[in-house]
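Close look at the chain arrangement
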Amino acid sequence: MKVLIVDDEITGRKALEFFTKNFGYDVITAKDGAIAWDIWRKERPHIVITDWVMPNMNGLELCNNIRKAEGDEYTYIIIVTGRSEKQDMVKGLEAGADDYIVKPFVKDEILVRLKSAERVLNLQSKNIVIFALAKLSESRDTDTGNHLERIRHYSRALAETLHNMNNSPKEINKQFIEDIFLTSPLHDIGKVGIPDTILLKTGRLNVSEYDMMKTHTIIGYNTLYDAYLKSTKAQYLKMGADIARSHHEKYDGSGYPDGLRGDDIPLSARIVAIADYYDALVSKRVYKESYSHETACSIIIKAKGINFEPMIIDVFIKCEKKFALIHEIFKIN
């Protein structure tokens, strides 16, 4: 990963360069902000570590310029400063910096900051790839609007509310919340394997057509689980596979494809099931008009213990106003 180090003081610049190279990064250096700005436009480094006070262009000006020009290819910016006052740190973050290091710094602090930068950049890359994959299935159904955006925000709202409850399941943590936001848009990825004659049919599906439609859960699972096995077994891909396979399972065991019951259904799929069902109810389709938020909530609550887990229904009731707001924000007129 390419790192640009900017400092007008040669001692500080050389120290940062030495540490960063020893950590295995590809390092470029600049002795002031103006030179760094020119290098950034040509090289597009992933991470910039810049001093604050410099001639020609200071660190905050450099930060502002990068933020205005970076587009979709994000640059992680770390400000190095001797200023330790809170208002100075706030000023740096307001200029667009992601993190800061207060002088004098130590080697381990540099490594921690760089690893934080990598996590953010890797998450952004995963997010872009996953959302692009999810869009494959949505692109064949022009009637869904911002469905994927809504699903990920509904799912996160449920997971966050569940996390804050006293009896929250042990598997719910910050990583779970991050992963369900990332992977819930993949719930219908298997629809890429369903023929257009079935997927785009405006009338009711017959029995054989419906059986074919239901296979999108298996297709999605096989695709994502295979990716999980061929990767370093990234858990977010395992969660995506579980969601794709099981988001049509029902709490009483009457769902598909496996007829799972209760806690045998993966928690991530139990959450996405409510998110997906709510969105289907409040959204207009070629075969139905949209229901009001109040009607959708009533239908979902009546399915407590049948379609949906009682605990997650209770969570839904706690955050149903968030659902209405999310739908309004991402609504397609």
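Our subject is the structure listed above.
Computed from a predicted structure; not experimentally measured. (Residues numbered from 1 in each chain as written. Predicted model: local features only at pLDDT ≥ 70, side-chain atom pairs only at ≥ 80, totals over all residues. Heavy atoms only, no water.)

1. Examining the overall build of the chain
Counting its regular elements, the chain contains 14 helices and five strands. Here the chain holds 333 residues, and the buried ones make up 47% of them. Look at the contacts in the chain between residues 6 or more apart in sequence, and 63% of them connect residues 24 or more apart. Accessible surface computed for the chain: about 16700 Å², of which carbon and sulfur atoms make up 52%. (Helix = DSSP H or I, 4+ residues; strand = E, 2+ residues; numbered from the N terminus. Buried < 20%, exposed > 50% of the residue type's maximum accessible area, 1.4 Å probe, protein only. Contact = heavy atoms within 4.5 Å. Areas by Shrake-Rupley, 256 points an atom, 1.4 Å probe, with all protein chains shown as cover.)

2. Quick notes on the pattern of salt bridges
A side chain of one charge can pair with a side chain of the opposite charge if their charged atoms are brought near each other. What the rule picks out here adds up to 20 salt bridges. The residue Arg-245 makes a salt bridge to Asp-258 at a minimum N-O spacing of 2.7 Å. With Arg-245 in helix H11 (residues 235-246) and Asp-258 in the loop between H11 and helix H12 (267-282), this pair connects stretches of sequence that are 13 residues apart. Of the residues examined, Asp-258 reaches a relative accessible area of 37% and is grouped as partly exposed. For Arg-270, the salt bridge is made with Asp-263, and the minimal N-O distance between the two is 3.4 Å. For Arg-270, a relative accessible area of 11% translates into the label buried. (Salt bridge = Lys/Arg side-chain N within 4 Å of Asp/Glu carboxyl O.)

3. Here we look at H11
Taking 1.5 Å of rise per residue, twelve residues should cover 16 Å, and H11 covers 16 Å from first to last C-alpha, within 8% of that figure. Counting buried positions along H11 yields nine of twelve residues, so the element is predominantly enclosed. All of the buried residues along H11 are Tyr-236, Leu-237, Met-239, Gly-240, Ala-241, Asp-242, Ile-243, Ala-244 and Ser-246. (Expected span 1.5 Å × (residues − 1).)

4. Thoughts on the packing of aromatic side chains
For any pair of aromatic rings, the description consists of the separation of the ring centres together with the inter-plane angle of the planes. One pass over the full model with this rule turns up eleven aromatic pairs. Arranged with centres 4.6 Å apart and planes meeting at 10 degrees, the rings of Tyr-154 and Phe-323 form a pair that is stacked. With a gap of 169 residues between them, Tyr-154 in helix H6 (residues 147-163) and Phe-323 in helix H14 (residues 310-329) connect regions that are remote in the sequence. There is no split in this pair, since Tyr-154 and Phe-323 are both buried. On the numbers, 5.5 Å between centres and 50 degrees between planes, the contact of Tyr-277 with Phe-308 is tilted. (Phe/Tyr/Trp six-rings, centres within 6.5 Å; stacked < 30°, edge-to-face > 60°.)

5. With respect to the pairing of strand S5 (residues 99-102)
Taking every second residue as pointing to the same face, the buried face of S5 carries Asp-99 and Ile-101, while none of Tyr-100 and Val-102 on the other face is buried. Both strand S4 (residues 76-81) and S5 contribute to a ladder of four bridges, which runs parallel. By the bridge assignment for S5, Ile-78 is matched with Asp-99. (Pairing = 2+ DSSP bridges.)

6. Observations regarding the packing of H11 against H12
One way to put it is that H11 packs onto H12 with a least axis distance of 8 Å and a crossing angle of 55 degrees. Classified by the angle their axes make, H11 and H12 are oblique. For the element pair H11 and H12, the recorded crossing hand is right-handed. Judged by residue contacts, Met-239, Asp-242, Ile-243 and Ser-246 of H11 engage Ser-268, Ala-269 and Val-272 from H12. For the contact of H11 with H12, a count of residues per class yields four nonpolar, two polar and one charged. (Axes fitted to C-alpha atoms, helices over the stretch in contact; angles between N-to-C directions. Parallel < 35°, antiparallel > 145°, perpendicular 65-115°, else oblique. Left-handed = near helix turned anticlockwise from the far one by under 90°. Nonpolar A, V, L, I, M, F, W, Y, C, P; charged D, E, K, R; others polar.)

7. Concerning unusual backbone geometry
That bond from Tyr-256 to Pro-257 is cis: its omega, 10 degrees, falls within 30 degrees of zero. Its location among the elements puts Pro-257 in the loop between H11 and H12. Residue Arg-44 is not a glycine yet carries a positive backbone phi of 50 degrees. With respect to the helices and strands, the residue Arg-44 is situated in the loop between helix H2 (33-43) and strand S3 (47-51). For Asn-56, which is not a glycine, the phi torsion comes out positive at approximately 70 degrees. With respect to the helices, strands and loops of the structure, Asn-56 is situated in the loop between S3 and helix H3 (59-69).

8. Regarding the sheet that holds strand S2 (residues 26-30)
Strand pairing in a sheet relies on backbone hydrogen bonds. The paired strands run either parallel or antiparallel. Strands sit in the order S2-S1-S3-S4-S5 across an open sheet of five strands; the sheet is parallel. For this open sheet the edge positions go to S2 and S5, each flanked by a neighbour on one side alone. Direction aside, neighbouring strands of the sheet carry axes that sit 20 degrees apart on average. In the packing of helix H1 (residues 10-22) onto the sheet, the strands contacted are strand S1 (2-6), S2, S3 and S4, and the crossing angle to S2 comes to about 170 degrees.

So, to be careful, I would describe these as geometric facts and stop short of saying anything about function.
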